[in-house]
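One-letter residues, chain by chain:
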Amino acid sequence: MKILVINAGSSSLKYQLIDMENEAVMCKGLCERIGIDGGTVIHKAKGQSWETSVEMPTHAEAFSKMLELMSSGEGAVIADKSEIGAVGHRVVHGGEKFTASAIITNETLAGIESVSNLAPLHNPPQIQGIRSAQQVFGPSIPQAAVFDTAFHQTMPPTAYIYAIPYEFYENNGVRRYGFHGTSHRYVSAQAAHFLGVPSENLKIVTCHLGNGSSITAVDRGKSIDTSMGLTPLAGILMGTRSGDIDPSVVTFIQEQTGMDYKEVNNLLNKKSGLLGVSGLSSDNRDIEEAARAGNVRAALVHSMLFYQIKKHIGAYAAAMNGLDCVVFTGGIGENSRRVRKYTCRGLEFLGLHYDDAKNESGEGTFDISTEYSRVRVLVIPTNEELMIARDTLELIQ
Ligand code: ADP
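Throughout, residues of each chain are indexed from 1 in the direction in which the sequence is written. Where totals are concerned, whole chains, interfaces and linings use all residues; where local detail is concerned, this predicted model gives features only for residues with pLDDT of at least 70, and gives and counts side-chain atom pairs only at 80 or more. With hydrogens and water excluded, all non-hydrogen atoms of the structure serve as input to the side-chain values.

### A word on the pairing of strand β10 (residues 213–219)
With seven of seven residues buried, β10 is to be regarded as a mostly interior element. Here β10 shows no split at all, with S213, I215, A217 and D219 on one side and S214, T216 and V218 on the other all buried. Each pair of strands is called paired provided DSSP finds at least two bridges between the two strands. Working definition: helices are DSSP H or I runs of at least four residues, strands are E runs of at least two. Numbering for both runs from the N terminus. With seven bridges connecting them, strand β9 (residues 203–209) and β10 associate as antiparallel partners. For H208, the partnering residue across the bridge sits in β10 and is S214. Connecting β9 to the antiparallel partner β10 that follows it, the hairpin turn spans three residues. In this structure, β10 lies alongside strand β11 (residues 222–226), joined through four bridges in antiparallel fashion. Considered in β11, the bridge of T216 is made with T226. Buried residues are those whose accessible area, probed at 1.4 Å on protein chains only, stays under 20% of the maximum for their type, while exposed residues exceed 50% and partly exposed ones sit between those limits.

Right, dumping it as structure tokens:
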């Protein structure tokens, strides 16, 4: 069966068609500037790439163009849409309603809508993506929603309740939810597979490090704590997000500068992190290069990043009362030898012994710990789209 995986944003739509016989990606693409003039679609198939200009007033036109590119012209990989057996959608927030992926029904859509206030920038366009897919494919093709938050619904209240008046949890849903759940679930399962040990016997810390980054304690296959919170702003510093700071910084800045809450929100989400401290760039590659060239603030923010990742690994080892494996994934986790090296150095007290030569030379999924390290340290490329496709297949079967 072929499964179409959709990740809809407010003005964009990413797609991937996966053949579940061999889990191979048949084609993928990105529609940009939906609802804005000057729309473009980049379609990739058969090792080639095509860019097309097309106006897409709504997500429905993006779906139509995507289907046209998949089924006609040089980039065609199917004869027509009837070859698509199911559609899986990435949905950012499932609140407390969704503890696992779900088949799309009217009730599911109402559930996603009811928690939209928790992710006002993400859930509404994703609902729109689901509705457009329903229009284009009709009721006979099943669809599923896979939530970024669902994997973390196993956290105990000790980890997810904030120490503010309890009514904000009860009335407003203010608590830690966590994100990147699909990635943490995927790489922790892959780690168990790679090590040949059942998940039930493993205590793993998964570090998803990209433009957005989060770290999760996966205790015997279940998320028991994670660094992101009510929103993806919490945890370690990211490309442009501050990560954890004293909450009073918010009111202090407002008081001192007269900024309103929207401006401070923008400051912490868009102007902080690697970009904010370095003053140079939000991109880890730029920071590495500048730090090597002697830029003091780039070196500082990189050291802060290593330190914050290390602190989370230590904290989660304590939370799980042990540690068997650390996983690095995401654009930085998979590619930055420097981040992995300086994060792992100094964790020998936990039984984690990092191997410089392995770190420098590995590719794909590989182990960067010494033969004698009690804690295995793995680099595992994440694959959220495949996880969404697998969940969709399992649900419809
Ligand atoms: P997103 O969170 O948007 O999905 P990615 O997971 O693609 O982002 O991660 C993007 C980050 O990965 C950027 O900071 C980028 O600099 C970093 N990155 C990608 N390739 C490398 C590399 N070869 N070396 C160091 N950092 C890298």
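Structure's up, so let's keep going.
### Regarding the sheet that holds strand β8 (residues 143–147)
In spatial order, the strands read β5-β4-β3-β2-β1-β6-β8-β7; together these eight strands make up an open sheet with mixed pairing. Edge positions in the sheet fall to β5 (48–53) and β7 (102–103), since each has one partner strand and no second. With seven bridges connecting them, strand β1 (residues 2–8) and strand β2 (residues 12–19) associate as antiparallel partners. Bridged to L4 within β2 is L17. Docked against the sheet, helix α15 (residues 384–396) engages β1, β2, β6 (84–91), β7 and β8, running at close to 125° with respect to β6. The contact definition used throughout considers only heavy atoms, calling two residues in contact when any of these lie within 4.5 Å. As a rule, the C-alpha atoms of each element are fitted with a line to give its axis, helices using only the stretch in contact, and angles between N-to-C directions run from 0 to 180 degrees.

### Concerning the site of the ligand
For the ligand, the full set of nearby residues is G210, N211, G212, D283, N284, R285, E288, G330, G331, I332, N335 and S336. The definition of a polar contact used here is a pair of N or O atoms within 3.5 Å, where within protein one atom must be able to donate a hydrogen and the other to accept one, and adjacent residues in sequence count solely through side-chain atom pairs. At a separation of 3.1 Å, an oxygen atom of the ligand approaches a polar backbone atom of R285. Within the backbone of I332, one N or O atom sits 3.3 Å away from an oxygen atom of the ligand. In isolation the ligand exposes 580 Å². Once the protein is present, 67% of that is buried. Those elements that place two or more of their residues in the shell around the ligand are α10 (284–292) and α12 (330–335). What makes a residue near a molecule or strand is one non-hydrogen atom of that residue sitting within 4 Å of it. Only the protein chains shown count as cover for residues, and all accessible areas are computed by the Shrake-Rupley method using a 1.4 Å probe.

### A closer look at the sheet that holds β9
In spatial order, the strands read β11-β10-β9-β12-β14-β13; together these six strands make up an open sheet with mixed pairing. The strands lining the two open edges of the sheet, one partner per strand, are β11 and β13 (366–367). Relative to strand β12 (residues 325–329), helix α13 (residues 337–344) is tilted by about 155°, and along the sheet it contacts β9, β12, β13 and β14 (376–379).

### Looking at the environment of M304
Examined against the element boundaries, M304 turns out to sit in helix α11 (residues 296–320). Taking the C-alpha atoms as reference points, M304 and L237, separated by 67 residues in sequence, lie 8.1 Å from one another. Aside from chain neighbours lying at most four places away, what touches M304 is L237 and V277.

### Describing the packing of α10 against α11
The N-to-C vectors of α10 and α11 enclose an angle of 120°; their axes lie 8 Å apart at closest approach. It follows from the interaxial angle that α10 and α11 lie oblique. For the crossing formed where α10 meets α11, the hand is left-handed. Facing N284, I287, E288, A290 and A291 of α10, the residues of α11 in contact are A298, A299, V301 and H302. Any residue outside Ala, Val, Leu, Ile, Met, Phe, Trp, Tyr, Cys, Pro, Asp, Glu, Lys and Arg is labelled polar, Gly included; the first ten of those are nonpolar and the last four are charged. Classifying every residue of the contact of α10 with α11 by side-chain character gives six nonpolar, two polar and one charged. Each angle receives one of four descriptions, namely roughly parallel if under 35 degrees, roughly antiparallel if over 145, roughly perpendicular if within 65 to 115, and oblique otherwise. Crossing handedness is read from the near helix: turned anticlockwise from the far helix by less than a right angle, it gives a left-handed crossing, and turned clockwise, a right-handed one.

### Re the pattern of salt bridges
A pairing counts as a salt bridge when a side-chain nitrogen of Lys or Arg comes within 4 Å of a carboxyl oxygen of Asp or Glu. One pass over the structure, following the stated rule, counts 14 salt bridges. Across the pair E360 and R337 runs a salt bridge, and its minimum N-O distance is 4.0 Å. Residue E360 is found in helix α14 (residues 356–361), and its partner R337 is found in helix α13; the two are separated by 23 residues along the sequence. For E360, a relative accessible area of 38% gives the class partly exposed.

### Quick look at the side chain of N284
Note that N284 resides in helix α10. With sequence-adjacent residues up to four places away left out, N284 is seen in contact with L274, H302, I332, S336 and V339.

### Thoughts on the packing of aromatic side chains
Side-chain rings of Phe, Tyr and Trp (the six-membered ring for Trp) are treated as a pair once their centres are within 6.5 Å; stacked means planes under 30 degrees apart, edge-to-face means over 60, and tilted covers the remaining angles. Scanning the model with the defined rule gives four aromatic pairs in all. Here the aromatic rings of F98 and F147 are separated by 4.3 Å at their centres, their planes lie at 15°, and the arrangement is stacked. Highlighted residues: F98 in the loop between β6 and β7 and F147 in strand β8, separated in sequence by 49 residues. The exposure class assigned to F98 is buried, which follows from its relative accessible area of 10%. Classification of F147 as buried rests on a relative accessible area of 2%. With a centroid separation of 5.5 Å and an interplanar angle of 65°, the aromatic rings of Y166 and Y169 are classed as edge-to-face. Among the aromatic residues, those joined into a cluster by ring pairs are Y160, Y166 and Y169. Working rule: Lys NZ or Arg CZ, within 6 Å of ring centre, within 35 degrees of ring normal, means a charge sits over the ring. Sitting above the plane of the Y160 ring, R175 keeps its charged end 3.5 Å from the centroid.

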